[in-house]
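Results of the structural survey
Next come the chains, spelled out residue by residue.
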Amino acid sequence: SGQGSVQTAELMAKAYYEQHGMYVGSVVFPGSRSKSTPVVEYLKVSSRSNAAISVNYEPSEVMVFWDGLLRVVEKAAHPVVTEAISRLTRGLLLVNSASAPADLLPLPFNFEGTLETVDATEIARRRLKRNPPPVGITLLGANLAITHSLDLDGVLRLVRERFPGAVGEANAAAAQEAHERVQVLEGVVSGPRQAYTPLGPKPPEALPEWYP
C-alpha cells in the first residue's frame, strides 16, 4: 500500500474506456494497514460488459511494484501475493527492479513470455521528491512501451487531470522516463520451482461463449 496501485488501475480503466470504448472491471484487495502491507489490484478489460466483471482465471499481464515480492512467492510467505503473481503463466511480467530481466531468472513460478524490469523506485523518487515514492504511474509508462495497448500521450493527459499542477507533471515525467528506460527480455521460459495450488476457484472445463 502507498505505492499507487489503486490510482494506476483507475487511470488504466479510464484510458481503456476513452481510447477503445472497452468495458472495465476493477477489484482491490487492500492490506490491513494504510501503508506497508500487500495490496492486490485486479483490472479486467473486455469488449463485453458481462465479461469485464467475471473472474479472471488467466491474467495476461502482471505488474509487480517491488521485486522483493518475488521472494515472497518463492517462499509462499503471503498467500494472496503468491496467488496474484503465480496465476500469470503466460504473457507479460513487469517488475520494479534495478536488476536486468535476466538477473531475476529463474522465476519462482511457471512462466512463459516477456519479462520487463525498470527501476521505477529510483525514477519516481527523483522525479516526485518522495521517499518512499509511489511507483504505479511510473510502471504504467514502462508497461505501455511494450504493450502499446494505450496511447501514452492520452494516458499522460489523464495523469495531469488526476493530479493537477506540479504533482501531475512530475508523475507524467516519471512515466515518460520509464517508458524510455524499460529493459525487456522476450522468450522467457521459467519454472517450475515449487508446486502451486490456486486459492481461488479453478476455471470450469467449458467457459461460456462470451468469456474473452
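Look up: the structure comes first, before these words.
Below you will find a few notes about this structure. Bear in mind the structure is a predicted one, so any value in this text is a computation, not a measurement. (Residues numbered from 1 in each chain as written. Predicted model: local features only at pLDDT ≥ 70, side-chain atom pairs only at ≥ 80, totals over all residues. Heavy atoms only, no water.)

Our focus in this paragraph is helix 2 (residues 68–75). Every buried residue of helix 2 is listed here: Gly68, Leu70, Val72 and Val73. Among the structural elements, helix 3 (79–86) and strand 4 (90–96) are those in contact with the buried residues of helix 2. Trailing helix 2 by a residue or two, Ala76 shows a phi angle of about 50°, which is positive. (Buried < 20%, exposed > 50% of the residue type's maximum accessible area, 1.4 Å probe, protein only. Helix = DSSP H or I, 4+ residues; strand = E, 2+ residues; numbered from the N terminus. Contact = heavy atoms within 4.5 Å.)

Here we come to the sheet that holds strand 5 (residues 111–118). Strand order in the open sheet formed by 4 strands is 3-4-5-6, and the pairing between neighbours is mixed. At either margin of the open sheet sits one strand with a lone partner, and together these are strand 3 (61–64) and strand 6 (183–190). In this sheet, neighbouring strand axes are inclined to one another by 20° on average, regardless of whether the strands run parallel or antiparallel. With 4 bridges joining them, strand 3 and strand 4 adopt parallel strand pairing. Of the residues in strand 4, the one forming a bridge with Val64 is Val95. (Pairing = 2+ DSSP bridges. Axes fitted to C-alpha atoms, helices over the stretch in contact; angles between N-to-C directions.)

The next thing to look at is unusual backbone geometry. Pro106 follows Leu105 through a cis peptide bond whose omega is -5°. Cis geometry is adopted by the peptide bond preceding Pro132, which originates at Asn131 and carries an omega value of 0°. With respect to the secondary-structure elements, Pro132 resides in the loop between helix 4 (120–128) and helix 5 (136–147). Phi at Lys129 is positive, roughly 60°, even though this residue is not glycine.

So, about the pattern of salt bridges. One pass over the structure, following the stated rule, counts 10 salt bridges. When the shortest N-O distance is used, the salt bridge between Arg181 and Glu122 registers 3.4 Å. With Arg181 in helix 7 (residues 166–181) and Glu122 in helix 4, this residue pair connects regions lying 59 residues apart in the sequence. Given a relative accessible area of 27%, Glu122 falls into the partly exposed group. Arg160 is the salt-bridge partner of Glu169, the closest N and O atoms lying 3.1 Å from each other. Connected via shared salt-bridge partners are Glu122, Arg126, Arg127, Glu177 and Arg181. (Salt bridge = Lys/Arg side-chain N within 4 Å of Asp/Glu carboxyl O.)

This part covers the layout of surface pockets. The calculated volume of the largest pocket comes to roughly 1300 Å³. Lining the largest pocket are 43 residues, with Glu41, Val62, Met63, Val64 and Phe65 sitting closest to its centre. Those elements giving two or more residues to the lining of the largest pocket turn out to be helix 1 (5–20), strand 2 (40–46), strand 3, helix 3 and helix 4. For the lining of the largest pocket, the leading source of residues is strand 2, giving 6 residues. In terms of residue class, the lining of the largest pocket is made up of 23 nonpolar, 12 polar and 8 charged. (1 Å grid on protein atoms, 1.4 Å probe; cavity = no way out; pocket = protein on both sides within 12 Å on 5 of 7 lines; lining within 4 Å. Points joined across faces, edges and corners; volume = space filled by probe spheres on them. Nonpolar A, V, L, I, M, F, W, Y, C, P; charged D, E, K, R; others polar.)

Further remarks concern the pairing of strand 5. In terms of burial, strand 5 is a largely internal element, 7 of the 8 residues being buried. Here strand 4 pairs with strand 5 via 7 bridges, running parallel. What sits directly across from Leu94, in strand 5, is Glu116. Where strand 5 and strand 6 come together, 6 bridges link them in antiparallel fashion. The residue bridging Glu112 from the neighbouring strand is Val189, located in strand 6.

Judged by side-chain polarity, Val27, Phe29, Tyr42 and Val80 come together as a nonpolar surface patch covering roughly 320 Å² of accessible area. Following the sequence through the fold, Tyr42 ends up in strand 2. Under the relative-accessibility criterion, Tyr42 is labelled partly exposed at 31%. (Patch = residues over 30% accessible without salt bridge, like charges linked within 9 Å, V, L, I, M, F, W, Y side chains within 5 Å. Areas by Shrake-Rupley, 256 points an atom, 1.4 Å probe, with all protein chains shown as cover.)

Looking now at the packing of helix 4 against helix 7. Where helix 4 meets helix 7, the closest approach of the two axes is 9 Å, and the angle between their N-to-C directions is 150°. Classified by the angle between their axes, helix 4 and helix 7 sit roughly antiparallel to one another. In the packing of helix 4 onto helix 7, the handedness of the crossing is right-handed. In this structure, helix 4 contributes Glu122, Ile123, Arg126, Arg127 and Leu128 to the contact, and helix 7 contributes Ala170, Asn171, Ala173, Ala174, Glu177, Ala178 and Arg181. Residue composition of the contact of helix 4 with helix 7, grouped by class: 6 nonpolar, 1 polar and 5 charged. (Parallel < 35°, antiparallel > 145°, perpendicular 65-115°, else oblique. Left-handed = near helix turned anticlockwise from the far one by under 90°.)

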